[in-house]
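# Residue-level structural notes
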Amino acid sequence: MKELVIISGKGGTGKTSIVAAFATLAENAVLADCDVDAADLHLVLDPTIVKRETFSGGSQARIMPERCTACGKCAEVCRFDAVSSREADEGQREKAYRIDPIACEGCGVCAWFCPEEAIEFAPAINGEWFVSETRAGPMVHAKLGIAEENSGKLVSLVRERARETAKSRARDLVLIDGSPGIGCPVIASITGADLALVVTEPTLSGRHDLERVSDLTRHFRVETLICINKWDINENLTLNIEALARRRGLKVAGRVRYDRAITEAQIRMQSITEYATDGVTADVRQLWANVLETLRSPNVTATGTTN
Ligand code: SF4
Ligand code: SF4
């Protein structure tokens, strides 16, 4: 089994359209949507959820009122301002303290300092993950709760469940829609993958983000290809990006032209290869063929390095 991750360094380069097209071209893949902060692959693939589970990426503090003497120490030491107090109801002690579950980072400092051992920890529910059926095959995806963190852990969980699904269903490819940016979620998306495809566009920010994200794949020793999406909106910058790729020893797997058909396909909840047979679809098919050729190369090892 091989793992192919598609990343972009930033949002808006058309990464998900490329992933959706690959999903409908691949013959025996499991899809892993690792863009857990703003997942949108489901908008094209219209999944039917067959399994749903909650995700806990940490724990949260809670004050046990029966033990609390309202000394205020926890509010004093919490550097996340998660502890607040209010005047207690008549007949009770002067103040009542509570911990805001959204602001609490679960660091444990308040419990350490509480003289009454009045603070306990419970698993925090940070989101949900799903296994679904789609017309392009099984898909593992997730949804992080609003203002929740720990998305790196959730990405790792999605990848692990996708691998398990691939093994149990005898699928030979895990196709990963990676997280944007260069932070923890994207690191969790790429580590251990066999091949990364970076989707970029000919803009200055696209070029800059390509440099940053290819630094990351090099650091984690993941073999990397480049796709220049909407290459014809600025041919000079496309040539400039190709020169950059050569200097870095990266192969450009394909250019994909700008075409309004991509948007029209999205509106109809179709991948571009389902929606159209010529024009940009030919570019995407050629890109897929080039990526597959590299992926099947005996030089791409399980750790993503080339021999
Ligand atoms: S430190 Fe403990 S006893 Fe003091 S207010 Fe906080 S929870 Fe209550
Ligand atoms: S666990 Fe940390 S963040 Fe949460 S209330 Fe206690 S000190 Fe604040």
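Scroll up to find the structure.
Residues numbered from 1 in each chain as written. Chains lettered and ligands numbered in written order. Predicted model: local features only at pLDDT ≥ 70, side-chain atom pairs only at ≥ 80, totals over all residues.

Our focus in this paragraph is helix 5 (residues 151-168). Across its 18 residues, helix 5 extends 26 Å between first and last C-alpha, which sits within 8% of the 26 Å expected from 1.5 Å per residue. Of the positions making up helix 5, those classed as buried are Ser151, Lys153, Leu154, Val155, Leu157, Val158, Arg159, Arg161, Ala162, Thr165 and Ala166. Packing partners of the buried residues in helix 5 comprise strand 2 (29-33), strand 3 (48-55), strand 8 (127-134), strand 9 (137-144), strand 10 (173-177) and helix 6 (184-190). Once helix 5 ends, the next one or two residues include Ala170, with phi positive near 55 degrees. (Helix = DSSP H or I, 4+ residues; strand = E, 2+ residues; numbered from the N terminus. Expected span 1.5 Å × (residues − 1). Buried ≥ 20, exposed ≤ 12 C-beta atoms within 10 Å, placed from the backbone. Contact = placed C-beta atoms within 7 Å.)

A few words on the sheet that holds strand 13 (residues 251-256). With mixed pairing, nine strands are arranged side by side in an open sheet as 3-8-9-2-10-1-11-12-13. Sheet topology places strand 3 and strand 13 at the edges, where each strand pairs with a single neighbour. For this sheet the average axis-to-axis angle between neighbouring strands, irrespective of direction, equals 20 degrees. Bridge analysis of strand 2 against strand 10 gives five bridges, and the strand direction is parallel. Bridged to Ala32 within strand 10 is Ile176. Each of strand 2, strand 3, strand 8, strand 9 and strand 10 is contacted by helix 5, which is oriented at about 165 degrees to strand 9, the strand it contacts most. Contacts from helix 7 (residues 204-219) reach strand 1 (2-7), strand 11 (195-200) and strand 12 (224-229), with the element oriented near 170 degrees to strand 11. (Pairing = 2+ DSSP bridges. Axes fitted to C-alpha atoms, helices over the stretch in contact; angles between N-to-C directions.)

What follows is about the site of ligand 2. Neighbouring ligand 2 are 13 residues, the closest being Ala61, Cys78, Cys104, Cys107 and Cys110. Considering only residue class, the shell around ligand 2 consists of ten nonpolar, two polar and one charged. (Near = placed C-beta within 6 Å. Nonpolar A, V, L, I, M, F, W, Y, C, P; charged D, E, K, R; others polar.)

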